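Structural description and commentary
Read off the chains here:
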Amino acid sequence: MIGTIVNTATIVTGTLIGSTIKKGLKPEIHSALFTAMGLSATGLGINSVVQNMPKSNYPVLFILSLAIGSLLGTTLDIHGKFDRLTKRFSSGNLSQGLSTAILLFCIGTLSILGPIQSAINGDNTYLFTNATLDFVTSMVLASTYGLGIAISSVILFFWQGSIYVCAGLLSNFLTPDLLTEISIVGGFLIASSGIGILELKDCKTLNMLPSLLVPIVFFILKNLFF
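All of the points below concern the structure found in this document. All of these numbers come straight from a predicted model, not from anything done at the bench. (Residues numbered from 1 in each chain as written. Predicted model: local features only at pLDDT ≥ 70, side-chain atom pairs only at ≥ 80, totals over all residues. Heavy atoms only, no water.)

1. Things to note about helix α1 (residues 2-22)
Note the threshold: Here a helix means four or more residues in a row that DSSP labels H or I, a strand means two or more in a row labelled E, and each is numbered from the N terminus. One less than the number of residues in a helix, times 1.5 Å, gives the span that helix is expected to have. Exposure classes here rest on a 1.4 Å probe applied to the protein chains alone. A residue is buried below 20% of its type maximum, exposed above 50%, and partly exposed in between. Think of it as the arc spanned by the lines of direction from the helix axis to the C-beta atoms. Note on definitions: a residue-residue contact is assigned when non-hydrogen atoms from the two residues lie within 4.5 Å.
An ideal rise of 1.5 Å per residue puts 30 Å on 21 residues; α1 measures up with 30 Å between its terminal C-alpha atoms. Taken together, the buried positions of α1 are Gly3, Thr4, Asn7, Thr8, Thr10, Ile11, Gly14, Thr15, Gly18 and Ser19. End-on view of α1: buried residues confined to an arc of 155°, all on one side of the axis. Where α1 is buried, its residues meet α5 (94-106), α7 (125-145) and α8 (151-165).

Here it is as structure tokens:
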């Protein structure tokens, strides 16, 4: 678990640095950071989609995933509930920042394969690499949204910790095909977060989170019946 602990610590450290920097920022610099974060998230999301789309053996699965997941998330009003919860503890738009942070930190090949490599082979290379990326990202996010971004480190810890504990089972289940589909859907969600930050359209990305479960369910059913 050392890799996950380091990854969690870098997010907390990056958040502390970023939130400290935020206090001395002028409004125009604060606005520039919002724009930079929005463009970065959009670019990372598009990159994930472009890289993984050609590898997909199920070219319409991501469409079904986004449609079914969005329908389920909207019905459950995940975005609304999360927004109301965060507003109890923050006067800013923390929910938007947290949703972006959770997606960037948790939904990626390094964050999924890292705990498996660590548990099975004792190799923390993926997690240390992920920690470096997350340190910079958390610093930028916190300079924009504040100290509340640290909450995402708790979610990351339990996310990677669960994968680590279940590594023996997940190592066979998390095939390259499944990771490809999750990465495509995750890329769209990260890009939608960026679009929201840029205020081009409020995509309510949190309502789309169940989309990540659809490829998993599809592959479970596929293995059971085909």
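2. Topic: the packing of helix α3 (residues 61-76) against helix α10 (residues 176-197)
Packed helices, taken two at a time, are described by the angle between their axes plus the distance between the axes. Note the threshold: Each axis is a line fitted through C-alpha atoms, and for a helix only the stretch in contact is used; angles between axes span 0 to 180 degrees, taken between their N-to-C directions. Orientation is classified from the angle alone, with under 35 degrees giving roughly parallel, over 145 giving roughly antiparallel, 65 to 115 giving roughly perpendicular, and any other angle giving oblique. Each helix crossing is assigned a hand: it is left-handed if the near helix lies turned anticlockwise from the far helix by less than a right angle, otherwise right-handed if that turn is clockwise. For this classification, Asp, Glu, Lys and Arg are treated as charged, while Ala, Val, Leu, Ile, Met, Phe, Trp, Tyr, Cys and Pro are nonpolar and the rest, including Gly, are polar.
For the pair α3 and α10, interaxial distance at closest approach is 10 Å and the crossing angle is 50°. Of the possible angle classes, the one that applies to α3 and α10 is oblique. The hand of the α3/α10 crossing is right-handed. Counting all contacts with α3, which are made through Leu61, Phe62, Ser65 and Leu66, the residues of α10 involved are Glu181, Ile184, Val185, Phe188 and Leu189. Residues of the contact of α3 with α10, tallied by class, amount to seven nonpolar, one polar and one charged.

3. Looking at the layout of surface pockets
Heads up, the condition is: The method works on a 1 Å grid over the protein atoms by themselves. A cavity is a set of points holding a 1.4 Å probe that cannot get out, a pocket is an open set with protein on both sides within 12 Å along at least five of seven lines, and residues with an atom within 4 Å of a point line them. Grid points are joined across faces, edges and corners, and a volume is the space filled by probe spheres set on the points.
Quantified by volume, the second largest pocket comes out at close to 420 Å³. Mapped by element, the contributors of at least two residues to the lining of the second largest pocket are α5, α8, α9 (167-173) and α11 (213-225). Among the residues forming the lining of the second largest pocket, the class breakdown is 17 nonpolar, no polar and no charged.

4. Regarding the packing of aromatic side chains
Cut-off, in case you're wondering: Note on ring pairs: Phe, Tyr and Trp rings are taken, using the six-membered ring of Trp, and paired if centres are within 6.5 Å. Classes follow the plane angle, with under 30 degrees stacked, over 60 edge-to-face and the rest tilted.
By the definition in use, this model includes five aromatic pairs. When the ring of Tyr58 is compared with that of Phe218, the centres are 5.2 Å apart and the planes differ by 70°; the resulting orientation is edge-to-face. Of this pair, Tyr58 sits in the loop between α2 (27-52) and α3 while Phe218 is found in helix α11, placing the two residues 160 residues apart along the sequence. Take Phe218: its relative accessible area is 29%, and that puts it in the partly exposed class. Seen in terms of ring centroids, Phe62 and Phe188 are 5.2 Å apart; in terms of plane orientation they differ by 5°. Their pairing is stacked. Of the two residues, Phe62 sits in helix α3 while Phe188 sits in helix α10, which places them 126 residues apart along the sequence. Under the relative-accessibility criterion, Phe62 is labelled buried at 14%. An aromatic cluster is present here, built from Tyr58, Phe218 and Phe219 joined pairwise through their rings.

5. Some remarks on the pattern of salt bridges
Any two side chains of opposite charge can pair, on the condition that their charged atoms come close. The following threshold applies: What counts as a salt bridge is simple: a side-chain nitrogen of Lys or Arg found within 4 Å of a carboxyl oxygen of Asp or Glu.
Applying the stated criterion to the full structure yields one salt bridge. We note a salt bridge from Lys204 to Asp202, for which the minimum N-O separation is 3.3 Å. Take Lys204: its relative accessible area is 37%, and that puts it in the partly exposed class.

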